[in-house]
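One letter stands for each residue in the lines below.
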Amino acid sequence: MRPYRINIPDSDIEDLRRRLADTRWPVPLADDGWERGVPVGYLRELAAYWRDGFDWRAAEARLNAYPQFVTEIDGQNIHFLHIRSAEPTATPLLVSHGWPGSVAEFLNVIGPLTDPVAHGGSAEDAFHLVIPSLPGYGFSGPAGAGWTGPRIAETWAELMRLLGYDRYLAHGTDTGAVLSLELARNHPENVIGLHVTTLLTFPSGDPDEMASLTPADLAKLERLSHFNEELSGYMKLQATRPQTVAYGLTDSPVGQLAWIIEKYKEWTCADKVPEDAISRDDLLTAVSIYWFTGTAGTSAAIYYEDAAGLRDMLVGARPAPVSVPIGVAMFGDDVFPAVRTLAERELPIACWTEYEHGGHFPALERPDLFVADVRAFARQVQTEI
């Protein structure tokens, strides 16, 4: 286990700027709105800012302000942030991102979670944070085949063991929520409780089950259907041909930018542009991590590795039970709304909170609500232990 500092070579930054300057742009389609994909006019302006205005060194310094490490588990390099609270009673909390996220997704909540007294909380709300980069993502570097959600969950269990944490809470967003469910399912002796902001709930096909759903529940299922029909093209490509997708994303920074920035528009509370929900510099920090580490293909591959499990969920297959308490925070603008009654078929839901505003990346969009919800769940779980 070795200390780690991010230090992207100057030559890589200059190469990015050159490639951005040399971009071959497509002709706008129709009125250049978002209906057909990312508008050319918007992306040209954002790419120009990435080239001439965005300060990667400032983003790098912000990441390097926190202790980072790398270690090898199951033959794979694993990068992680490990921030210990000064509070002696702090609870260990393992935080997992998804796609197209990274460890940078949680920078805005590290302070409040590790030092709550300085951010309006009490000492009892403190956490020791472990925030790893998924295998094949970011500074965990490229990964070979076979990195499924269950395998990553086992890697996380080993990481926490190596760090000396026998009992801990876990949080997951997006793919991080799916693999964290596996962690909780297979290691109830270690996981005190699981907090998620993404939960996939699909009907089983039972007519009685559908008849019991409220109009609000049915509206959520309709939104999931809209996602499958209109917004899931990226998933189908990454779940079937991740290597083919990787060529364009690895060679073209504008291609990588468009591929990711579309999600920050469609999955958040953004109105007209992604910056309505998340700051431009935070958006470009996320994209830059994928670009500089060359992990477009290996990060996409998790969809390929877990494609069978996703198909099972879509047809209402029931996974093995989970015994640890689960806290769910649903944000009203998220592209993946969850239905509580469907979740409660096999999950021990300890608390469920729905927020009107905020989307798929709440630690970036609504860090205040994110922190408050994690704190509230931790208090409830620890009271019941």
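Residues numbered from 1 in each chain as written. Predicted model: local features only at pLDDT ≥ 70, side-chain atom pairs only at ≥ 80, totals over all residues. Heavy atoms only, no water.

Caption draft 1: Representation of the overall build of the chain within the structure. Secondary structure summary: the chain contains 17 helices and 9 strands in total. The C-alpha atoms of the chain give a radius of gyration of 20 Å, which matches the 21 Å a tight globule of 385 residues would have. C-alpha atoms of the chain, sized along the principal axes, occupy 60 × 50 × 40 Å. Burial status across the chain gives 55% buried among its 385 residues. Sequence-distant contacts, at least 24 apart, represent 77% of the contacts inside the chain between residues at least 6 apart. Of the accessible surface of the chain, which amounts to about 16,100 Å², a share of 52% is contributed by carbon and sulfur atoms. (Helix = DSSP H or I, 4+ residues; strand = E, 2+ residues; numbered from the N terminus. Rg over C-alpha atoms; globule rule 2.2 N^0.38 Å. Buried < 20%, exposed > 50% of the residue type's maximum accessible area, 1.4 Å probe, protein only. Contact = heavy atoms within 4.5 Å. Areas by Shrake-Rupley, 256 points an atom, 1.4 Å probe, with all protein chains shown as cover.)

Caption draft 2: Inspection of the nonpolar core at higher detail. The biggest cluster of nonpolar side chains holds 115 residues, and the ones touching the most others in it are W50, W56, L113, L129, I131, L199 and I326. Ranked by the residues each element gives to this core, the list is headed by helix α12 (residues 280–293), at 8 residues. Excluding its chain neighbours within four sequence positions, the residues that come into contact with W56 are I6, I8, I13, L63, T285, S288, I289 and F292. (Core = buried A, V, L, I, M, F, W, Y, C linked by side-chain atoms within 4.5 Å.)

Caption draft 3: The pattern of salt bridges, seen in detail. In the structure shown here, the tally under the stated rule is 21 salt bridges. In this structure, D74 engages R151 in a salt bridge whose closest nitrogen and oxygen atoms are separated by 2.7 Å. Placement of D74 in the loop between β2 (68–73) and β3 (76–83) and of R151 in helix α5 (residues 149–162) is noted, with a sequence separation of 77 residues between them. On the basis of relative accessibility, which here comes to 47%, the residue D74 falls in the partly exposed class. Taking relative accessible area as the criterion, R151 reaches 25% and is therefore assigned partly exposed. The shortest N-O distance in the salt bridge between D125 and R379 comes to 2.9 Å. Here the residue D125 occupies a position in the loop between α4 (107–114) and β5 (127–132), and R379 occupies one in helix α17 (residues 367–384), the gap between them amounting to 254 residues. Classification of D125 as buried rests on a relative accessible area of 5%. Residue R379 is classed as partly exposed on the basis of its relative accessible area of 41%. (Salt bridge = Lys/Arg side-chain N within 4 Å of Asp/Glu carboxyl O.)

Caption draft 4: Expanded view of unusual backbone geometry. A cis amide bond links W99 to the next residue, P100, at an omega of 0 degrees. Locating P100 in the fold gives a position in the loop between β4 (91–96) and α4. For A30, which is not glycine, the phi torsion reads 50 degrees and is therefore positive. Of note, A30 is situated in the loop between α1 (10–21) and α2 (40–52).

Caption draft 5: Geometry of the packing of aromatic side chains. On inspection of all chains with the given rule, the structure shows 17 aromatic pairs. Both rings, one in W56 and one in F292, keep their centres 5.2 Å apart while their planes meet at 55 degrees; by these two values the pair is tilted. Separated by 236 residues along the polypeptide, W56 in helix α3 (residues 56–64) and F292 in helix α12 bring together distant segments of the chain. Both residues of the pair, W56 and F292, belong to the buried class. Note on W267 and F361: the rings are 6.2 Å apart at their centroids and 10 degrees apart in plane angle, and the pair reads as stacked. (Phe/Tyr/Trp six-rings, centres within 6.5 Å; stacked < 30°, edge-to-face > 60°.)

Caption draft 6: View of α1. For α1, built from 12 residues, the straight-helix expectation of 16 Å at 1.5 Å per residue is met to within 8% by its first-to-last C-alpha distance of 17 Å. Residues I13, L16 and L20 constitute the buried set of α1. The arc that holds every buried residue of α1, seen down its axis, measures 55 degrees, which confines them to one face. Check the buried side of α1 and you find it contacts α2, α3, α11 (253–266) and α12. (Expected span 1.5 Å × (residues − 1). Arc of directions from axis to C-beta.)

Caption draft 7: Helix α8 (residues 215–231), seen in detail. Helix length check: α8 (17 residues) gives 23 Å between terminal C-alpha atoms against 24 Å at 1.5 Å per residue, within 8%. What α8 keeps buried is the set D217, K220, L221, L224, F227 and L231. One side of α8 holds all its buried residues, which, seen down the axis, span an arc of 140 degrees. Turned more than 90 degrees from where α8 packs its buried face, P215, E222, E229 and E230 sit exposed. Among the structural elements, α7 (207–211), α9 (233–240), α11, α15 (340–343) and β9 (349–355) are those in contact with the buried residues of α8.

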